[in-house]
Amino acid sequence: DTQGYYLDENNMKELGIERLKRIGMSIHSATRKTYEKIIRQDSFDRIMKKLAFISEWKKQGKVQELGINFVVHSLNYKEMPAFVKIAEKYDAVAKFWSYKPWPSAEMHKRYKEVAVFEPWHKDYPKLKKILKNPVFQSKHCHLYPELLKIAEEA
């Protein structure tokens, strides 16, 4: 998995990479505003260009599987349906899972604020409502178990 910094034709050629079995790109949002809040050292336009490049490689048979990753938390959960639409556009699989606190992560300190997938979170009912959207039945969507359970309860 990567955030796509070096995914372009020149770097692939320089590294001698002509085919890849699987690429996973961590994007975590469907909009520029949210992306640039979450991934501060990058731009949404740049990552979308990289996604388009890898999607083209997939069309050419140079990449077998393309996944785009989305860690669900309070900053981005409302963009989940739009993220599936991005996956459909680029023939990728949107992979959703809940935020797990890492001891060194800045958000670890704010877990109670960002853990929208926890039943005690104030926005949990909104997440459940979002997960009722039929877009999550798309072949371009994969909910990891904790989110799948919420979707099934919704």
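Definitions and cut-offs
Residues numbered from 1 in each chain as written. Predicted model: local features only at pLDDT ≥ 70, side-chain atom pairs only at ≥ 80, totals over all residues. Heavy atoms only, no water. Phe/Tyr/Trp six-rings, centres within 6.5 Å; stacked < 30°, edge-to-face > 60°. Helix = DSSP H or I, 4+ residues; strand = E, 2+ residues; numbered from the N terminus. Buried < 20%, exposed > 50% of the residue type's maximum accessible area, 1.4 Å probe, protein only. Contact = heavy atoms within 4.5 Å. Core = buried A, V, L, I, M, F, W, Y, C linked by side-chain atoms within 4.5 Å. Pairing = 2+ DSSP bridges. Right-handed = clockwise from strand over helix to strand, strands pointing away. Polar contact = N/O pair within 3.5 Å; in protein donor to acceptor, adjacent residues only side chain to side chain. Axes fitted to C-alpha atoms, helices over the stretch in contact; angles between N-to-C directions.

Draft legend 1. Representation of the packing of aromatic side chains in the model. Across all of its chains, the model carries 10 aromatic pairs by this definition. On the basis of an interplanar angle of 50° and a centroid distance of 5.3 Å, the ring pair of phenylalanine 53 and tryptophan 57 is categorised as tilted. Of this pair, phenylalanine 53 and tryptophan 57 both sit in helix H3 (residues 44–59), four residues apart, roughly one helical turn. Of the two residues examined, phenylalanine 53 and tryptophan 57, each falls in the buried class. Three or more aromatic residues joined by ring pairs make a cluster, and in this case those are Phe70, Phe83, Phe96 and Phe136.

Draft legend 2. The arrangement of the environment of glutamate 88 in detail. Relative to the elements of secondary structure, glutamate 88 occurs in helix H4 (residues 80–89). Taking the relative accessible area as the measure of exposure, glutamate 88 reaches 29% and is therefore partly exposed. Along the primary structure glutamate 88 and serine 138 are separated by 50 residues, whereas in three dimensions their C-alpha atoms are 8.4 Å apart. Excluding anything up to four places from it in sequence, glutamate 88 contacts Val135, Ser138 and His140.

Draft legend 3. The arrangement of unusual backbone geometry in detail. In the Ramachandran plot, histidine 28 falls in the positive-phi region, its phi being about 65° despite a non-glycine side chain. As for its position among the elements, histidine 28 is in the loop between strand E1 (20–26) and helix H2 (32–38). In this structure, aspartate 91 is a non-glycine residue whose phi angle is positive, near 50°. Mapped onto the fold, aspartate 91 is located in the loop between H4 and strand E3 (93–98). Residue aspartate 91 is classed as partly exposed on the basis of its relative accessible area of 35%.

Draft legend 4. Structural view of the nonpolar core. Ranked by internal contacts, the top residues of the largest apolar core, which has 48 residues, are Met25, Ile68, Met80, Phe96, Leu127 and Phe136. Take this core: its biggest share by element is seven residues, from H3. The residues contacting methionine 80, other than those within four sequence positions of it, are Phe70, Val72, Phe96, Leu127, Ile130, Leu131, Phe136 and Leu143.

Draft legend 5. Geometry of the pairing of strand E2 (residues 63–72). With eight of 10 residues buried, E2 lies mostly within the body of the structure. Direction of pairing for E1 relative to E2: parallel, over a ladder of six bridges. Of the residues in E2, the one forming a bridge with isoleucine 23 is leucine 66. Two strands pair when backbone bridges link them, and E2 and E3 are joined in this way by six bridges, in the parallel orientation. Opposite phenylalanine 70, over in E3, you have phenylalanine 96 as the bridge partner. Of the crossover connections in this fold, the one passing from E2 over H4 to the parallel E3 is right-handed.

Draft legend 6. Region of the structure containing the side chain of histidine 140. The residue histidine 140 is located in the loop between helix H6 (124–130) and strand E4 (141–143) in this model. Reaching out from histidine 140, the side chain makes a polar contact with the backbone oxygen of alanine 92 at a distance of 2.7 Å. Excluding its chain neighbours within four sequence positions, the residues that come into contact with histidine 140 are Ala87, Glu88, Asp91, Ala92, Val93 and Ala94.

Draft legend 7. Expanded view of the sheet that holds E3. Pairing is parallel in the open sheet, where four strands are placed in the order E1-E2-E3-E4. Each edge of the open sheet carries a strand with a single partner, namely E1 and E4. Taking each pair of neighbouring strands and ignoring which way they run, the sheet shows an average axis angle of 25°. Contacting E1 and E2, H3 runs over the sheet at an angle of about 150° to E2. Against the sheet, helix H7 (residues 145–153) makes contact with E2, E3 and E4, and its axis sits at roughly 90° relative to E3, the strand it touches most.

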